[in-house]
Amino acid sequence: MARQLELKGRSFWILSEPHDTGWKAAVVEIRGDNEEAVGIDATGETRGAADDAAERKLRRLIQAY
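Rules used throughout
- Residues numbered from 1 in each chain as written.
- Predicted model: local features only at pLDDT ≥ 70, side-chain atom pairs only at ≥ 80, totals over all residues.
- Heavy atoms only, no water.
- Pairing = 2+ DSSP bridges.
- Helix = DSSP H or I, 4+ residues; strand = E, 2+ residues; numbered from the N terminus.
- Salt bridge = Lys/Arg side-chain N within 4 Å of Asp/Glu carboxyl O.
- Buried < 20%, exposed > 50% of the residue type's maximum accessible area, 1.4 Å probe, protein only.
- Axes fitted to C-alpha atoms, helices over the stretch in contact; angles between N-to-C directions.
- Contact = heavy atoms within 4.5 Å.

Q: Can you tell me about the pairing of strand β1 (residues 2-7), naming the residues and giving the values?
A: Relative to strand β2 (residues 10-19), β1 runs antiparallel, the two sharing six bridges. Within the sheet, the bridge partner assigned to Ala2 lies in β2 and is Leu15. Connecting β1 to the next strand, β2, in antiparallel fashion are two residues, including Lys8 with a positive phi near 50°.

Q: Could you give an account of the pattern of salt bridges, naming the residues involved and the relevant values?
A: Scanning all chains against the criterion turns up six salt bridges. The partner of Asp52 in a salt bridge is Arg3, with the nearest N and O atoms 3.0 Å apart. Residue Asp52 is found in helix α1 (residues 47-63), and its partner Arg3 is found in strand β1; the two are separated by 49 residues along the sequence. In this structure Arg3 comes out as partly exposed when scored by relative accessible area, which is 25%. Here Glu36 makes a salt bridge to Arg31, at a shortest N to O gap of 3.3 Å. Overall, Arg31 belongs to the partly exposed group, its relative accessible area being 46%. Salt bridges here are not isolated pairs; linked through shared partners, they connect Arg3, Asp52, Glu55 and Arg59.

Q: Tell me about the environment of Thr21, and please be specific about residues and values.
A: Counting through the fold element by element, Thr21 comes out in the loop between β2 and β3 (22-31). A relative accessible area of 83% means that Thr21 is categorised as exposed. Here the alpha-carbon distance between Thr21 and Arg31, two residues ten residues apart in the chain, equals 33 Å.

Q: Help me get a handle on the sheet that holds β2, residues and values and all.
A: Consider a sheet: its strands pair through backbone hydrogen bonds, and that pairing is either parallel or antiparallel. Strand order in the open sheet formed by four strands is β1-β2-β3-β4, with antiparallel pairing between adjacent strands. The outermost strands of the open sheet, each flanked by one partner alone, are β1 and β4 (34-44). Taking the axes of each pair of neighbouring strands and ignoring which way they run, one obtains an average angle of 25° across the sheet. Against the sheet, α1 makes contact with β1, β2, β3 and β4, and its axis sits at roughly 120° relative to β4, the strand it touches most.

Structure, rendered in structure tokens:
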């Protein structure tokens, strides 16, 4: 399952998977039928923690533009 976000007219997915003893989340931008990695990764003890950390990083990046 992925978390979908709409920020400043752009669509993003936060994809997470088990990693070592916790979770790792990565952000991709959706453009039509294409996906492009944004370069944001985050880890956490739980899936929610990893997803939340990736979302915070993405929101900081988007506000910088």
